[in-house]
Amino acid sequence: MTFSPQGPTNDPTNDAPEPAIRRNAAKAAQAPRQRVSSGSVDGVAAWRRLLRVGRPRATRANALAAVLAIALGGAIAAQVQLTNERDLDQLSQSDLIRVLDDVSLRATRLDQQVRELEATRDRLKSGVGTSSEAIAQAQKRVDTLGILAGTLGAQGPGIVLTIRDPSRAVTGPIILDVMQELRDAGAEAIDIGGVRAVASTFIGDDNGTLTVDGVGIARPVVIKAIGDRKTLASAMSIPGGIVETVRQKGASASVAEQSTVKITSLHTPAPMTHAKPVP
Amino acid sequence: MIPVLGLVVGLALGLLLDPSVPVWLQPYLPIAVIAALDAVFGAVRAVLDGIFNDKVFVVSFLSNVVVAAFIVFLGDQLGVGAQLSTGVVVVLGIRIFSNVASIRRHLFKA
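About the criteria used
Residues numbered from 1 in each chain as written. Chains lettered and ligands numbered in written order. Predicted model: local features only at pLDDT ≥ 70, side-chain atom pairs only at ≥ 80, totals over all residues. Heavy atoms only, no water. Helix = DSSP H or I, 4+ residues; strand = E, 2+ residues; numbered from the N terminus. Expected span 1.5 Å × (residues − 1). Buried < 20%, exposed > 50% of the residue type's maximum accessible area, 1.4 Å probe, protein only. Contact = heavy atoms within 4.5 Å. Polar contact = N/O pair within 3.5 Å; in protein donor to acceptor, adjacent residues only side chain to side chain. Pairing = 2+ DSSP bridges. Axes fitted to C-alpha atoms, helices over the stretch in contact; angles between N-to-C directions. Salt bridge = Lys/Arg side-chain N within 4 Å of Asp/Glu carboxyl O. pLDDT = per-residue confidence, 0-100. Parallel < 35°, antiparallel > 145°, perpendicular 65-115°, else oblique. Left-handed = near helix turned anticlockwise from the far one by under 90°. Nonpolar A, V, L, I, M, F, W, Y, C, P; charged D, E, K, R; others polar. Arc of directions from axis to C-beta. Patch = residues over 30% accessible without salt bridge, like charges linked within 9 Å, V, L, I, M, F, W, Y side chains within 5 Å. Areas by Shrake-Rupley, 256 points an atom, 1.4 Å probe, with all protein chains shown as cover.

## Some remarks on helix α3 (residues 54-78) of chain B
Then step 1. Under the 1.5 Å per step criterion, the end-to-end length of α3 of chain B is 36 Å for 25 residues, consistent within 8% with the ideal 36 Å.
Then step 2. Those residues of α3 of chain B lying buried are Asp54, Val56, Phe57, Val58, Ser60, Phe61, Asn64, Ala68, Ala69, Val72 and Gly75 of chain B.
Then step 3. In the core, the buried residues of α3 of chain B are packed alongside α3 (60-84) of chain A together with α2 (29-49) and α4 (81-108) of chain B.
Then step 4. The N-capping residue of α3 of chain B, defined by a side-chain oxygen 2.8 Å from the backbone nitrogen of Lys55 of chain B, is Asn53 of chain B.
Then step 5. Just downstream of α3 of chain B, Gly79 of chain B is the residue with a positive phi angle, here 85°.

In structure tokens, the structure reads:
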């Protein structure tokens, strides 16, 4: 490369030993028009000269120039494409270091992101676990309380006690005893003549008609209880128990153990006017 | 006309044929291209200055390319390839700019 900081004289074609005018005389004679007219030109003349020089001429130098131009064009295109499809193995060391830096930086950032997202996921997962667990527990509690309060139907093993009493000798206190005995024996749900018996249930006697929670019940009285059927049955039949008491009154009572007793009667709870839950 | 046509033809060929540059040539090609461009602009300027010479153009073109490639090669061997390439590009860029400025003054009188 021939670089000298001297302005106009430093262009590569200028380092010719002689200017074009004093060129090889033979060559000039062969192709007079090939000669570029001497001297610096400006404006229109410059354009004209550029066109004239660029005109195709069948000389060796012109062919060489064309070849070089083609080579230059091809090289530019190839280099551009090479740069576009540059792969890692063609990068210089500093480029590779920069790429590596970039990649490791991004990897660190992504790692951190992964950790954050995993933490979030775990939190959400455990949150879902506890809340679903809590929902299940709450549902269980609602079911239990619903059965105890009589707001839900219930089914399960239990007994059906039928009291046949043509002489209407069985009165309210006896039914109350039955209910008490069943509760003592662990009955979880009790139905007396189609009325659900709950904590607030009262038994009445209205001119020989038994009433439960104010609702008259038909005879024979059918009492259904859900609980451990052996315990319930023995609680009814023990000596001095309900069955015997009823028999002494001149009525008959029978206890049937059943594997599935279904109680569908419901109790409508009265709204609490005084009692409030303790927070 | 011929150089411009040649450049266009070469570009088209390079794009169409998609030549794979040999690995040993890859570090030198970009610098060589810049050097060749410098020679081309110098030639145009020489035409307008009235001192153009075909032979000088061809020789300067080739020597520019070879010297540029050699400088890059030397820089790579000395371990300062990147810096030296940058330097060569800067120098060639300055030359191209000054040549273009001269051409512009000739053609547009400005």
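Past the structure itself, the notes keep going.
## Considering the sheet that holds strand β2 (residues 189-192) of chain A
All names here are of chain A.
Then step 1. Pairing within the open sheet is antiparallel, and its five strands lie in the order β3-β2-β7-β1-β8. Of all strands in the sheet, those bounded by a partner on one side alone are β3 (195-197) and β8 (252-263). On average, each strand axis in the sheet is inclined to that of its neighbour by 25°, with strand direction left out of account.

## Some remarks on the pattern of salt bridges
Any two side chains of opposite charge can pair, given that their charged atoms come close.
Then step 1. Across all of its chains, the model carries five salt bridges over all chains by this definition.
Then step 2. Residue Asp122 of chain A pairs with Arg121 of chain A through a salt bridge whose shortest N-O separation is 3.3 Å.
Then step 3. Residue class for Arg121 of chain A comes out partly exposed when judged on its relative accessible area of 46%.
Then step 4. Between Arg45 of chain B and Asp49 of chain B there is a salt bridge whose closest N-O contact spans 3.6 Å. Of the two residues, Arg45 of chain B and Asp49 of chain B both sit in helix α2, four residues apart, roughly one turn of that helix.
Then step 5. You can call Arg45 of chain B buried: its relative accessible area is 4%.
Then step 6. Owing to a relative accessible area of 18%, Asp49 of chain B belongs among the buried residues under this scheme.

## Digging into unusual backbone geometry
All names here are of chain A.
Then step 1. Along the chain, Arg219 connects to Pro220 via a cis peptide bond; the corresponding omega equals -5°.
Then step 2. Positioned with a positive phi, Arg168 is a non-glycine residue whose angle comes to about 55°.
Then step 3. Mapping Arg168 onto the fold places it in the loop between β1 (154-164) and α5 (172-184).
Then step 4. Positive phi is not limited to glycine here, since Asp213 has a value of about 55°.
Then step 5. Here Asp213 is to be found in the loop between β5 (209-212) and β6 (215-216).

## Brief notes about the confidence of the model for chain B
Then step 1. Across chain B, the average pLDDT comes to 85, with 99% of residues at or above 70.
Then step 2. Confidence, read as mean pLDDT per element, is least for helix α1 (residues 2-17) of chain B in chain B (80) and greatest for α4 of chain B (89).

## Considerations on the packing of α2 of chain B against α4 of chain B
Residue and element names in this part refer to chain B.
Then step 1. At a minimum axis separation of 9 Å, α2 and α4 run at an interaxial angle of 25°. By the angle between their directions, the pair α2 and α4 is classed as roughly parallel. Two packed elements cross with a definite hand, and for α2 against α4 that hand is left-handed. Every residue of α4 that contacts α2 at Ile31, Ile34, Ala35, Leu37, Asp38, Phe41, Gly42, Val44, Arg45, Leu48 and Asp49 is listed here: Ser85, Val88, Val89, Leu92, Arg95, Ile96, Asn99, Val100, Ser102, Ile103, His106 and Leu107.
Then step 2. Split into classes, the residues belonging to the contact of α2 with α4 amount to 14 nonpolar, five polar and four charged.

## What about helix α6 (residues 229-237) of chain A?
Residue and element names in this part refer to chain A.
Then step 1. Buried within α6 are the following residues: Leu232, Ala233, Ala235 and Met236. The buried side chains of α6 occupy one side of the element, clustering within an arc of 160° when seen end-on.
Then step 2. On its buried face, α6 is in contact with β1, α5, β7 (221-226), α7 (242-248) and β8.

## A few points about the sheet that holds β5 of chain A
Residues and elements named next belong to chain A.
Then step 1. Ordered in space as β4-β5-β6, the three strands form an open sheet in which the pairing is antiparallel. Each end of this open sheet is capped by a strand with a single partner; those strands are β4 (203-206) and β6.
Then step 2. Where β5 and β6 come together, two bridges link them in antiparallel fashion. Residue pairing for β6: Thr211 is matched across the bridge by Gly216.
Then step 3. Strand contacts of α5: β4 and β5, with the helix running at about 160° to β4, the strand carrying the most contacts.

## Brief notes about a nonpolar patch on the surface
Residue and element names in this part refer to chain B.
Then step 1. On the surface, Phe70, Phe73, Leu74, Leu78, Val80 and Leu84 cluster together into a nonpolar patch covering about 510 Å² of accessible area.
Then step 2. Structurally, Leu84 can be placed in helix α4.
Then step 3. Classification of Leu84 as partly exposed rests on a relative accessible area of 31%.

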